[in-house]
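Inside the fold
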Amino acid sequence: MHESTIKPIITTVKNDDDVRGILALQQKNLKRNLSTEQIQSQGFVTVEHQFSVLKAMNDAQPSVIVKDGETVVAYCLAMLPQFRNDVQELKSLFDSIDDIDYEALKLKDYKYVVMGQVCVGEGYRSMGFFDGMYLKLREELSGKFQMCVTDISTNNLRSMKAHARVGFISVKDFHDTTLNEIWRVVVWDWRK
C-alpha cells in the first residue's frame, strides 16, 4: 500500500478526475500490459474504455471506486443496458443476456445492471476492497435493479473465485469470437 495519511475509502465517481483515475488504473491492469505470471497470479482486465464512453456511463450511473487520497486505486464499473453498443467488447455479453434463461424469464426481462469491469490495483489487493465495492454497489443499486450480471474470462481464475465469494452464480459459458476466449456469464441476484 502507498504511504497515505488518509485511509482508502469506498465511494462513487464524482467527477471527470475520478473517470481519468479509473482509466489510469485500467491501463496498468490490461491483459496486454501484463506478464504471463502476473495474469495467472493477479488477474487482469480485458476491455479498454474510451474517456467519453466511461464519462457517459458514470453520468448515467456513478460507478463504485476506492480512493486513496485523490488516487483511484480500485473500481467497479456499473454499466446500464443502454450502453450495450458503446463498448464493442461487451456486445457479446449483452447478446448472451438476451438469450439466457434464468429462472422463469430471459435475463433481459429482469431489471439488471452489468458489471462492466472490476479492478483492484496492485498494493491494494487482499484488503477487502473487492467485496467492499460490490457491497457498496448493491447498497447503491438494489433499489433500482433486481440483479447484477457480468462475464468473466474462464482464464481469469482469481476473478472467478472472487465473484463466487461475493455471491455471483454461473449461468452460462459462451465463446467470444472477437476476443477468441470462453467467457462465463454470472449473476448476483439481489432479490435473494
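Above this note sits the structure.
These notes cover the structure that comes with them.

**Considering the overall build of the protein chain**
What the protein chain contains, in helices and strands, is six helices and nine strands. For a compact globule of 192 residues, the expected C-alpha radius of gyration is about 16 Å, and the protein chain comes in at 16 Å, within 12% of that figure. When contacts within the protein chain are restricted to residue pairs at least 6 apart in sequence, those whose partners lie at least 24 apart make up 67%. With an accessible surface of roughly 9500 Å², the protein chain has 48% of that area assigned to carbon and sulfur atoms. The average position of the 24 basic charges and that of the 26 acidic charges among the side chains of the protein chain differ by 3 Å.

**Focus on the packing of helix α5 (residues 129-141) against helix α6 (residues 157-166)**
Relative to each other, α5 and α6 sit at 50°, their axes nearing to 10 Å. With respect to α6, the axis of α5 lies oblique. In this structure, α5 meets α6 at a crossing whose hand is right-handed. Of the residues in α6, those in contact with Phe130, Asp131 and Tyr134 of α5 are Ala162, His163, Arg165 and Val166. Its residues placed into classes, the contact of α5 with α6 shows four nonpolar, one polar and two charged.

**Notes on the pairing of strand β9 (residues 181-189)**
Taken across its nine residues, β9 has seven buried, putting it largely inside the fold. Where strand β8 (residues 169-176) meets β9, seven bridges bridge the pair, whose relative direction is antiparallel. From the neighbouring strand, His175 faces β9, where its bridge partner is Ile182. The turn joining β8 and β9, which pair antiparallel and follow one another in sequence, is formed by four residues; a positive phi near 50° is taken by Asn180.

**Description of the pairing of strand β6 (residues 112-120)**
In the case of a regular strand, side chains alternate between the two sheet surfaces. Most of β6 is tucked away, with nine of its nine residues classed as buried. Taken together, the six bridges between strand β3 (residues 71-79) and β6 define a ladder with antiparallel strand orientation. Residue Leu77 lies in a different strand from β6, and its bridge partner there is Gln117. In terms of strand pairing, β6 meets strand β7 (residues 147-153) through three bridges, oriented parallel.

**Details of the nonpolar core**
Of all hydrophobic cores here, the largest spans 63 residues; its most connected members are Leu107, Tyr134 and Leu137. Broken down by element, this core gets its largest block of residues, eight residues, from β3. Beyond its immediate chain neighbours, meaning those up to four positions away, Tyr134 contacts Cys76, Met115, Val118, His163, Val166, Phe168 and Trp188.

Scoring rules and cut-offs
- Residues numbered from 1 in each chain as written.
- Predicted model: local features only at pLDDT ≥ 70, side-chain atom pairs only at ≥ 80, totals over all residues.
- Heavy atoms only, no water.
- Helix = DSSP H or I, 4+ residues; strand = E, 2+ residues; numbered from the N terminus.
- Rg over C-alpha atoms; globule rule 2.2 N^0.38 Å.
- Contact = heavy atoms within 4.5 Å.
- Areas by Shrake-Rupley, 256 points an atom, 1.4 Å probe, with all protein chains shown as cover.
- Lys, Arg positive; Asp, Glu negative; His and termini not counted.
- Charge placed at Lys NZ, Arg CZ, Asp CG, Glu CD.
- Axes fitted to C-alpha atoms, helices over the stretch in contact; angles between N-to-C directions.
- Parallel < 35°, antiparallel > 145°, perpendicular 65-115°, else oblique.
- Left-handed = near helix turned anticlockwise from the far one by under 90°.
- Nonpolar A, V, L, I, M, F, W, Y, C, P; charged D, E, K, R; others polar.
- Buried < 20%, exposed > 50% of the residue type's maximum accessible area, 1.4 Å probe, protein only.
- Pairing = 2+ DSSP bridges.
- Core = buried A, V, L, I, M, F, W, Y, C linked by side-chain atoms within 4.5 Å.

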